[in-house]
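Chain residues, written in single-letter form:
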Amino acid sequence: MTEKCNDIHCVTHSGFKTHGRIFQGTVISAKAQKTVTVEWERKKYIPKYERYEKRRTKVKAHAPECVMFEKGDVVEINECRPISKTKKFVVIKKIEKNLEYLGKSQLIEEAKQKEKKKQEKVNSEDK
Ligand SMILES: [Zn+2]
């Protein structure tokens, strides 16, 4: 983290006020500038089946410009006043890398490549 930043929505440097709930989640997209998409799992109880169902929650959160975020980072986010139409969370800290998630996304990538090769093979056999 750098000493200073000019981000008015930075909790550390600009004293941006937060309130409400704090969540921990994994960054699943860090493509947009100063915005990350964070996802986490919660368990929802389904009375009919007397069991818990895994549900995913996905939100957009403001990423202060003084911290670099990558896909697979585990972050803590805090509710705040709406920063834009879809953002009402701000990242307060980066905790660690979610290795399980990174491993999974690599597997998905590999599976995609395989599927593509298979498809190409099928296409060439058609000719
Ligand atoms: Zn900052």
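Residues numbered from 1 in each chain as written. Predicted model: local features only at pLDDT ≥ 70, side-chain atom pairs only at ≥ 80, totals over all residues.

Enquirer: Just to check I follow, could you spell out the overall build of the protein for this structure?
Expert: For the protein, the helix and strand inventory stands at 2 helices and 5 strands. The N-to-C order of helical and strand elements in the protein reads α-β-β-β-β-β-α. Its C-alpha atoms give the protein a radius of gyration of 19 Å, more than 25% over the compact-globule value 14 Å for 127 residues. Dimensions of the protein, computed from the C-alpha atoms along their principal axes, are close to 65 × 45 × 30 Å. Relative to its 127 residues, the protein shows a buried fraction of 16%. When contacts within the protein are restricted to residue pairs at least 6 apart in sequence, those whose partners lie at least 24 apart make up 55%. (Helix = DSSP H or I, 4+ residues; strand = E, 2+ residues; numbered from the N terminus. Rg over C-alpha atoms; globule rule 2.2 N^0.38 Å. Buried ≥ 20, exposed ≤ 12 C-beta atoms within 10 Å, placed from the backbone. Contact = placed C-beta atoms within 7 Å.)

Enquirer: For this particular structure, what's the right way to read the sheet that holds strand β4 (residues 73–80)?
Expert: Consider a sheet: its strands pair through backbone hydrogen bonds, and that pairing is either parallel or antiparallel. Read around the closed barrel, 5 strands run β1-β2-β3-β5-β4, paired in mixed fashion. Within this sheet the neighbouring strands show an average axis-to-axis angle of 45°, counted without direction. Judged from the 12 bridges that link them, strand β2 (residues 35–46) and strand β3 (residues 51–62) form a sheet pairing that is antiparallel. Residue pairing in the sheet places E41 in a bridge with R56 of β3. (Pairing = 2+ DSSP bridges. Axes fitted to C-alpha atoms, helices over the stretch in contact; angles between N-to-C directions.)

Enquirer: Just to check I follow, could you spell out helix α2 (residues 99–126) for this structure?
Expert: Working note: α-helix, 3.6 residues per turn, so residues spaced by three or four point in the same direction. Compared with the 40 Å implied by 1.5 Å per residue over 28 residues, the 41 Å span of α2 between its first and last C-alpha is a close match. Along α2, only 0 of the 28 residues are buried, which leaves the element largely exposed. (Expected span 1.5 Å × (residues − 1).)

Enquirer: What should I look at first to understand the nonpolar core in this one?
Expert: Soluble globular proteins tend to bury their nonpolar side chains together. By size, the foremost hydrophobic cluster in this structure holds 11 residues: V27, V36, V38, A61, A63, V75, I77, C80, F89, V90 and V91. For this core, the secondary structure elements donating two or more residues are β2, β4 and β5 (87–97). Ignoring anything within four residues of it in the chain, the contact list for I77 reads F23, G25, V38, A61, F89, V90, V91 and I92. (Core = buried A, V, L, I, M, F, W, Y, C linked by C-beta atoms within 7 Å.)

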